[in-house]
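What follows is the residue order along each chain.
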Amino acid sequence: MNRHITSAISQTFGKFANKEFAKPIQNFINSSYVKVMGLDMSEFHAPQTYRTLNALFTRKLREDRAYSLDSEDFISPCDSFITECEAIDVRHAFQIKGMKYNSDELLGEHFSKEEKEIVEDGAFINFYLSPKDYHRYHIPINLKVLKAVHIPGKFYPVNIPSLEKRVNLFIENERVVLLCEASSKKRFYMILVSALNVGVMQVSFEPKIKTNADALRSSVYTYDNLYLNKGDDFGCFEMGSTIVILAEKDMLDTHVRAGQHVKYGDTIAKCKLN
C-alpha cells in the first residue's frame, strides 16, 4: 500500500511535537496545551519540566496507581472513554453504535482462521484516549504475549464524530495487534489503533515495531516465553487514540458500559478462570 496523506500530516506534527524549543517558548507551548485541553496534572510533574510537547503527551505517573491484585480482576489498560462495549455478534463488533465491522478484518491476514475464531461470540471493549488523557497503556491482567502484528495503514481521527461517519475506521487505520493468553489459558486480543497527528504507538517489548514510519507491509513477531504482569507499562500513544479488546467467549464478565469514563487501574471486568 502507498502512504496516505494522513501519515504525512501526522509526521509533520510529530516533528513539531518532538522539537525542543527555547525554554520560555517550550514552557508557553506546554502550559497552553495543558490549559486548552484541560489536562489534570495532579499525578504528574509540572508542565514546565517536559522538554518537548511529545514528552508531555507521553508523561509517566509520578507514582503508580493502586489496583486490585486479585487474579480474576481485569483492569483498564488506560485512561479513556468507553465508546462501545458489547458481545461480539458471530464475528462482528461495533466501533460505535450502528457502525459494525468484521473482527476478522480488524485482526488482519496474519492470524489463522483458528486464531480468529477464538473471539467468535466473545466480547469487545473500545477505549478512546482523547488528547487530554494519560497516554500510556498497561497490561490488564497477568498474561503471555503469543504474537504481535504491526499493520501499516491510515491515520484518520478516532474521535466520536469520526467514528460516527467513517465505516471501518479501525480497519483502515494503522494498528498493532497483540494476541495474549491469560493464566486461565483463555485468549484475547489487544489492538492499538493509531490516529491523526503524531500517530506513533510505542511497544516497549518489541522495539522493532516502528509505527507511522516507512513500513508498507505488515510485520509479524511471535514469542515463546514473553510473560507480562498486570499493571506493567508497555508503551504509549504519541497523541490520543484507541485500544480495542476482543476477548474469547466466556472469558470476561464486564463491569463497564458505553459512555463511561475509566482510568488505568480500575477493575472493569472479572476474568472467568474456568
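Right, let's walk through the structure included here. (Residues numbered from 1 in each chain as written. Predicted model: local features only at pLDDT ≥ 70, side-chain atom pairs only at ≥ 80, totals over all residues. Heavy atoms only, no water.)

Of all hydrophobic cores here, the largest spans 40 residues; its most connected members are Phe-74, Phe-127, Phe-188, Met-190, Leu-192 and Phe-205. Each residue touching Phe-205, except ones within four places of it in the same chain, is listed here: Val-145, Leu-178, Tyr-223, Leu-226, Leu-228 and Phe-234. (Core = buried A, V, L, I, M, F, W, Y, C linked by side-chain atoms within 4.5 Å. Buried < 20%, exposed > 50% of the residue type's maximum accessible area, 1.4 Å probe, protein only. Contact = heavy atoms within 4.5 Å.)

A word on the side chain of Glu-206. Relative to the helices and strands, Glu-206 resides in the loop between strand S10 (200-201) and strand S11 (219-228). Looking at Glu-206, its side chain comes within polar contact range of the side chain of Tyr-223, at 2.8 Å. Other than its neighbours up to four places away in sequence, Glu-206 contacts Tyr-221 and Tyr-223. (Helix = DSSP H or I, 4+ residues; strand = E, 2+ residues; numbered from the N terminus. Polar contact = N/O pair within 3.5 Å; in protein donor to acceptor, adjacent residues only side chain to side chain.)

This part covers the sheet that holds strand S15 (residues 261-262). With antiparallel pairing, the eight strands of this open sheet are ordered in space as S11-S7-S8-S9-S13-S5-S2-S15. The sheet is open, and its two edges are formed by S11 and S15, each paired on a single side. The pairing of strand S7 (residues 143-151) with S11 spans seven bridges and is antiparallel. Along S11, the bridge assignment pairs Lys-147 with Thr-222. (Pairing = 2+ DSSP bridges.)

Now for the sheet that holds strand S12 (residues 233-238). On the basis of which strands lie adjacent, the open sheet formed by three strands has the order S6-S12-S10 and antiparallel pairing. Looking at strand neighbours, the two that pair on one side only are strand S6 (136-138) and S10, the edges of this open sheet. Sheet topology note: the S10/S12 ladder contains two bridges and is antiparallel. Within S12, the position partnered with Val-200 by the bridge is Glu-238.

Attention shifts here to the layout of surface pockets. In this structure, the largest pocket occupies an estimated 310 Å³ of space. Around the largest pocket, the lining comprises 19 residues; the ones closest to its centre are Asp-79, Lys-132, Asp-133, Tyr-134 and Lys-263. Listing elements by their share of the lining of the largest pocket, those giving two or more residues are strand S2 (80-87) and S15. Partitioned by chemical class, the residues of the lining of the largest pocket number six nonpolar, five polar and eight charged. (1 Å grid on protein atoms, 1.4 Å probe; cavity = no way out; pocket = protein on both sides within 12 Å on 5 of 7 lines; lining within 4 Å. Points joined across faces, edges and corners; volume = space filled by probe spheres on them. Nonpolar A, V, L, I, M, F, W, Y, C, P; charged D, E, K, R; others polar.)

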